[in-house]
Amino acid sequence: ELKVEQNPLFLSMQEGKNYTIYCNYSTTSDRLYWYRQDPGKSLESLFVLLSNGAVKQEGRLMASLDTKARLSTLHITAAVHDLSATYFCAVDARTGANSKLTFGKGITLSVRP
Amino acid sequence: NAGVMQNPRHLVRRRGQEARLRCSPMKGHSHVYWYRQLPEEGLKFMVYLQKENIIDESGMPKERFSAEFPKEGPSILRIQQVVRGDSAAYFCASSPGVAGQYFGPGTRLTVT
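Not measured: the values here are computed from a predicted model.

Take the overall build of chain B next. If you tally the helices and strands in chain B, you get zero helices and 11 strands. When the elements of chain B are put in sequence order from the N terminus, they spell out β-β-β-β-β-β-β-β-β-β-β. At 13 Å, chain B has a C-alpha radius of gyration in line with the 13 Å of a compact globule built from 112 residues. Relative to its 112 residues, chain B shows a buried fraction of 45%. In chain B, the share of contacts with a sequence separation of at least 24, taken over all contacts with a separation of at least 6, comes to 51%.

The next point concerns the interface of chain B and chain A. The interface of chain B with chain A comprises 21 residues on the first partner and 19 residues on the second. Here chain B meets chain A over a buried area of about 1500 Å², counting both sides, of which 50% is carbon and sulfur. A:Lys100 serves as the salt-bridge partner of B:Asp56, at 3.6 Å between the closest nitrogen and oxygen. Our count for the chain B to chain A interface comes out at seven residue pairs in polar contact (both at pLDDT 80 or more). Contributions of two or more residues to the side of chain B that touches chain A are made by β4 (31-37), β5 (43-50) and β6 (53-56) of chain B.

A separate point is the sheet that holds strand β3 (residues 19-24) of chain B. Residue and element names in this part refer to chain B. Strand order in this open sheet of four strands is β1-β3-β8-β7, and the pairing throughout is antiparallel. Edge positions in the open sheet fall to β1 (5-7) and β7 (65-68), since each of these has one partner strand only. Across the sheet, the mean angle separating the axes of adjacent strands is 15° when strand polarity is ignored. Sheet topology places β3 next to strand β8 (residues 75-79); five bridges connect them, and they run antiparallel. Bridged to Arg 20 within β8 is Arg 78.

Residue and element names in this part refer to chain B. Summed over the entire model, instances satisfying the criterion amount to nine aromatic pairs over all chains. On the numbers, 4.6 Å between centres and 10° between planes, the contact of Tyr 33 with Tyr 48 is stacked. Linking Tyr 33 in strand β4 with Tyr 48 in strand β5, this pair joins segments that are 15 residues apart in sequence. A residue is classified by how much of its surface remains accessible, and Tyr 33, at 2% relative accessible area, is buried.

In terms of nonpolar packing, the biggest core is built from 27 residues, with A:Leu32, A:Trp34 and A:Tyr87 touching the most fellow members. Counting only elements with at least two residues in this core, the list comes to β2 (10-14), β3 (19-25), β4 (32-37), β5 (43-49), β7 (61-66), β8 (71-76), β9 (85-92) and β11 (107-112) of chain A. In this view, A:Leu32 contacts A:Cys23, A:Tyr25, A:Phe47, A:Val48, A:Leu49, A:Leu65, A:Ser72, A:Cys89, A:Ala90 and A:Val91; residues no more than four positions away in its chain are not counted. Within the second largest apolar cluster, 23 residues are counted, among which are B:Val4, B:Ala19, B:Met26 and B:Val32.

Any two side chains of opposite charge can pair, so long as their charged atoms come close to each other. Residue and element names in this part refer to chain B. All told, the structure shown has five salt bridges over all chains when counted by the stated rule. Residues Glu 18 and Arg 78 are paired through a salt bridge, measuring 2.9 Å at the closest nitrogen-oxygen approach. Here Glu 18 is found in the loop between β2 (10-13) and β3, whereas its partner Arg 78 is found in strand β8, with 60 residues between them in sequence. The partly exposed category is assigned to Glu 18, whose relative accessible area is 29%. Linked by salt bridges that have partners in common, Glu 18, Arg 20 and Arg 78 make up one network.

Cut-off values and rules
Residues numbered from 1 in each chain as written. Chains lettered and ligands numbered in written order. Predicted model: local features only at pLDDT ≥ 70, side-chain atom pairs only at ≥ 80, totals over all residues. Heavy atoms only, no water. Helix = DSSP H or I, 4+ residues; strand = E, 2+ residues; numbered from the N terminus. Rg over C-alpha atoms; globule rule 2.2 N^0.38 Å. Buried < 20%, exposed > 50% of the residue type's maximum accessible area, 1.4 Å probe, protein only. Contact = heavy atoms within 4.5 Å. Buried area = accessible area lost by both parts, 1.4 Å probe. Salt bridge = Lys/Arg side-chain N within 4 Å of Asp/Glu carboxyl O. Polar contact = N/O pair within 3.5 Å; in protein donor to acceptor, adjacent residues only side chain to side chain. Pairing = 2+ DSSP bridges. Axes fitted to C-alpha atoms, helices over the stretch in contact; angles between N-to-C directions. Phe/Tyr/Trp six-rings, centres within 6.5 Å; stacked < 30°, edge-to-face > 60°. Core = buried A, V, L, I, M, F, W, Y, C linked by side-chain atoms within 4.5 Å.

Have a look at this one:
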């Protein structure tokens, strides 16, 4: 059974500083997704990582995937308050055409002045 | 360019009643997924459907839960005889069949 672990589960960040959060998973997969969720809202797709070594950047966020280590990182540059939210990674346990996402528990980021 | 639509957005049911949650996928998407999110948890896969077919229901509870995606109309997640433990946010996602699932706004079910 595929397991996805995120750590830390909660991170208090200071405005202007850099941080990295992690997503580990237990079985082979080369499809990993990062989503953002604001309280009471749906999931907003941030990044789709489809191969080993994939790196995607959007604004202050950069995500990368190491399929050999079964690890994805989300790097935050110069944190700002707008980044406060819960961030989920999800791994696609695709078998043939059957796709389903296994989510981590999420990391709640809080940016303080 | 409408996204994934779900209704109702909020649903309150008393214990023992039935809950019906609807999901209309994005235009052109024939793959629908249902996920459940309990408070303070990540999303848990429930079921994957294509038109008129259940492809993978490995995440569905064995009793009281069913899902369909008819040839015409939205996908329906049905929960019979709801209990307090069914209170959660239920998200639907759709996909064109290649990488990426797009999530709807969710239905927040409260069982009283």
